[in-house]
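# Architecture at a glance
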Amino acid sequence: MRTGVLGTIAGKEFRDHVRSRRFRTLTAILAIIAVTALIDGAFAYQQNLDQYNEAQAVASSEDGGGMGGYSSFKPSVLMAFERMGYLLSTIGAVLGIAMGFDLITAEKESKSLKILLSHPVYRDEVITSKAMGGVAAIALAMGVVFLLSLAVLLISGVVPDVEEMVRIIIFGLISFLFVFSFFAIALFMSTVAKNSGNALIGSLAILIIVGVFFPSFFGNAAMTHAIFGAPPESPQMGGVISFNDAECEQMWNEYREKSVRYQMALHGYYDLTALLSPTKNYMQMAMAVADPRDTAAIVSGAMFQDWDETQEFYADLPDSGLAILAGMLGSLVKNIVALLVFPAAFFGLAWVRFVREDIR
Amino acid sequence: MIRCEHLTKVYNGVPAVDDLCLDIPEGEIFGLLGPNGAGKSTTILMVIGLIEPTSGACYIDGTEVATNPIEVKRKIGYMPEDVGFYATLTAEENLEYSAKLYGMDGATRRKRIPDLLSLVGLEGVTKVVGGYSKGMRQRLGIAKALINEPKAVILDEPTANLDPQGVADYRRIIRETAENGTTVLVSSHILSEVSKVCTSAGILSHGKLVASGRWEDLARAGGSGHVIIRVETKAPMPEFSHPSLISAEYADGHRAARLVAETDICDAVAEAAGPAGIRRLERDEPDLEDVFLSYYHEEATS
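Quick summary incoming for the structure in this document. (Residues numbered from 1 in each chain as written. Chains lettered and ligands numbered in written order. Predicted model: local features only at pLDDT ≥ 70, side-chain atom pairs only at ≥ 80, totals over all residues. Heavy atoms only, no water.)

### With respect to the overall build of chain A
Short version of the rule: Numbering of helices and strands starts at the N terminus; helices are DSSP runs of H or I of at least 4 residues and strands are runs of E of at least 2. The contact criterion used throughout is that any non-hydrogen atoms of two residues lie within 4.5 Å. Using the Shrake-Rupley algorithm and a 1.4 Å probe, accessible areas are obtained, with residue cover drawn only from the displayed protein chains.
Counting secondary structure elements, chain A contains 15 helices and 0 strands. Here the analysis covers contacts within chain A between residues at least 6 apart in sequence; of these, 83% occur between residues at least 24 apart. For chain A, the exposed area adds up to about 17200 Å²; of that, 65% sits on carbon and sulfur atoms.

### Side note on the overall build of chain B
Definition in use: For every residue, the accessible area (1.4 Å probe, protein chains only) is compared with the maximum for its type, and the residue is labelled buried under 20%, exposed over 50%, or partly exposed between those bounds. Residues counted as positive are Lys and Arg, residues counted as negative are Asp and Glu, and His and the chain ends are not counted. Where a charge lies is defined by one atom per residue type, namely NZ (Lys), CZ (Arg), CG (Asp) and CD (Glu).
Of regular secondary structure, chain B possesses 10 helices and 14 strands. Reported as C-alpha extents along the three principal axes, the dimensions of chain B are approximately 80 × 45 × 35 Å. Classification of the 302 residues of chain B by burial places 51% in the buried group. Within chain B, residue pairs in contact and separated by at least 24 positions form 66% of the contacts whose partners lie at least 6 positions apart. When the accessible surface of chain B is summed, it comes to about 13400 Å², and 48% of that surface belongs to carbon and sulfur atoms. Put simply, chain B has 31 plus and 44 minus side-chain charges, and the middle of one group is 6 Å from the middle of the other.

### Structural notes on the pattern of salt bridges
All names here are of chain B. The condition that has to hold: By convention in these notes, a salt bridge is any Lys or Arg side-chain nitrogen within 4 Å of a carboxyl oxygen on Asp or Glu.
Taken as a whole and assessed by the stated rule, the structure comprises 26 salt bridges over all chains. The closest approach of N and O atoms between D18 and K208, which form a salt bridge, is 3.9 Å. A residue pair is termed long-range when its members are at least 10 positions apart, and D18 in strand β2 (residues 14–24) and K208 in strand β10 (residues 208–214) qualify at 190 residues. Between D169 and R172 there is a salt bridge, with its nearest N and O atoms 3.7 Å apart. One end of the pair, D169, and the other, R172, are both in helix α6 (residues 164–179), 3 residues apart, so they sit about a helical turn from each other. We classify D169 as buried; its relative accessible area is 14%. One salt-bridge network, in which partners are shared between bridges, spans R139, D163, D169, R172 and E176.

### Describing the pairing of strand β7 (residues 152–156) of chain B
Strand residues, when the strand is regular, have side chains that alternate between the two faces of the sheet. Residue and element names in this part refer to chain B. Put simply, the rule is: Paired strands, in this sense, are two strands between which DSSP finds at least two bridges. For crossovers, right-handed means that the path from the first strand over the helix to the second runs clockwise, given strands pointing away from the viewer.
Across the 5 residues that make up β7, a large majority, 5, are buried. The side-chain alternation of β7 yields two buried faces, one formed by A152, I154 and D156 and the other by V153 and L155. As paired elements, strand β6 (residues 76–79) and β7 share 4 bridges and run parallel to each other. Residue M79 lies in a different strand from β7, and its bridge partner there is L155. Sheet analysis places β7 next to strand β8 (residues 183–188), joined by 5 bridges and oriented parallel. Its bridge partner being in β8, I154 is matched across the sheet by L185. After leaving β7, the chain enters α6 and then returns to the sheet as β8, a path that is right-handed.

### Describing the sheet that holds strand β1 (residues 2–11) of chain B
Residue and element names in this part refer to chain B. If you trace the 4 strands from one edge of the open sheet to the other, you get β2-β1-β4-β5, paired in antiparallel fashion. What marks the edges here is a single partner per strand, and that holds for β2 and β5 (63–64). Of the strand pairs in this sheet, β1 and strand β4 (residues 55–60) are connected by 5 bridges, and their pairing is antiparallel. By the bridge assignment, T8 is partnered in β4 with S55.

### Some words on the side chain of T159(B)
Within the secondary structure, T159(B) sits in the loop between β7 and α6. Residues within four places of T159(B) in sequence aside, it is in contact with Q138(B), V167(B), Y170(B), I190(B) and E193(B).

### Remarks on the environment of Q47(A)
Its location among the elements puts Q47(A) in helix α2 (residues 21–60). On a C-alpha basis, the gap between Q47(A) and I206(A) in space is 39 Å, while along the polypeptide they are 159 residues apart.

### Some thoughts on the side chain of T183(B)
Note the threshold: Two N or O atoms form a polar contact when they lie within 3.5 Å of each other; inside protein one atom must be a possible hydrogen donor and the other a possible acceptor, and for residues adjacent in sequence the pair counts only when both atoms belong to side chains.
Note on placement: T183(B) falls in strand β8. A polar side-chain atom of T183(B) sits 3.2 Å from the main-chain amide nitrogen of G27(B).

### Description of the interface of chain A and chain B
As a reminder, the rule being used: Accessible area that two parts lose when put together, with a 1.4 Å probe and added across both, is what the buried area reports. Gly counts as polar in this scheme, as do all residues outside two lists: the nonpolar Ala, Val, Leu, Ile, Met, Phe, Trp, Tyr, Cys and Pro, and the charged Asp, Glu, Lys and Arg.
In this assembly, 25 residues from chain A lie in contact with 25 residues from chain B. Counting the surface lost from both chain A and chain B, the interface buries some 2400 Å², and carbon and sulfur atoms represent 62% of this. Taken together, the connections running from chain A to chain B amount to 2 salt bridges. Measuring nitrogen to oxygen at the nearest pair gives 3.8 Å for the salt bridge that ties K114(A) to D82(B). The interface formed by chain A and chain B includes 6 residue pairs in polar contact (both at pLDDT 80 or more). Looking at the side of chain A that touches chain B, the elements that each hand over two or more residues are α1 (3–19) and α5 (113–117) of chain A. Of all the elements, α1(A) adds the most residues to the side of chain A that touches chain B, at 6 residues. Class assignment of the residues belonging to the side of chain A that touches chain B gives a composition of 9 nonpolar, 5 polar and 11 charged.

Set out below in structure tokens:
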């Protein structure tokens, strides 16, 4: 591919996006939602910080020496971004679709595609540069929103440290990949649909399937019951209370082991099926970045143990969220790969379809 | 300059273009004629490399289109039938974008674009193309087709939306372009328009090239054997019947008729129409339209 051609087409696409009312409206909506979520998150963060400071004060006094575990960890600014991630999982998908659904169909509708392809350009250069222009516009929109978010945090008196800044950047990159997934879906629909209306409907249908249907289908109780059976019953539920202490303890230990195994299997299943849904996958990734402690507890299974063991697990975790995240990298690789594979697959399909199409 | 060798395109088992062989020399203005659905646009789309032939090949200036699409596109200028531009850009911006895609440098663009806008009568128009009439878009389409100073210009139904002044300008531009050695291929179903600007033509019917050559040759070959008789009477005339009669069109309550026959049947017509009082009876030379219709009919009947 030739950089001159790519630059010319991508530059025009980018300018078209940025000048369009659609782009400005969506960016404004995204910014308003992000800022609102962040103000809410910043408020919750301040509350948690106050609680933490109180807990620290009690812990340093003679009476509170026993306080420890989870409550003794300083809350992170990233918890504000966790709320933002939840909102981005819907509006971000809409932004991606809005930027891509008519990239090719609009050219067909305005009859400019034949003119464009009569120039000395390869079709792969056309679709790649159109995608580049769209991606650059998405990056601009998200960059503006993240800078605005950062400004809101600073105005709220919340100053992220370097480690938190790195995690905020990672959060931004993951969010960008998520939006890009739906942009690629919309671009593909734009190459197969006859007009922009059909491309939009097709893209929204895929959004509903992968964003709503898959999670509810794979996650519903009937499905998990069919695959994993009923959760183990606790010993009390059988109504037997005549065991001596040793028997009782053994039964409880067995129940606990079964229960942890069951929860771990269930979590593994949810984790795996989430890969089919960019929305679910993004939310898991966003949670891992924003709240690595809880994510690590879930991934390791410590969350399903009893209170003391869970608290012990929390106490053993490093102070740095980034270090916890790095420790989880092995189990997050599949999520990262899925987040990359999904847009790549749809972009590949769009590419093949457009390159092979007869333009009549 | 433009050569097609056994060019065939089949859609769902139906040939849109069927074994088309064509050779258009340099500097020629060639008209590709045919009714709607004859395969003109499909032929053009194969010539410019937008659709792939099922079999056969096209060559522009000796370069095969399918295997060297970029090289070929550098040599041609194309205006589609339903010409479309970017509605949010001005004519100048649209041409600027086009010129950049041809890799033209800034200095050349700055000189070439105003010249072309002036040539097609769009100089000083500052509104965006979204506000253009169809005719203005077609004028811009001609400018776009010429921006890269092509060796061959391919125009699909170029006068479909032009007003009389636009048509006159178009003819002037095309003639000047051909005088400079550029080959022009014009596809149209409007015979009169093609006959006024083209030096030679090919006639497509059902995807097949049924005739091609210079105008005089086509007229001679297509017109031979057909006689047109016009007759007007004072009272309604009876319907004619003659073994040589090909077609008969009646008007004015059967007081006027236009007859096409294989031989001169004027005497038989005079005899049959005599009782109705003949006001006029004359033999016409077939016009171009009759000649070309005869080609279509020949192909259809064969």
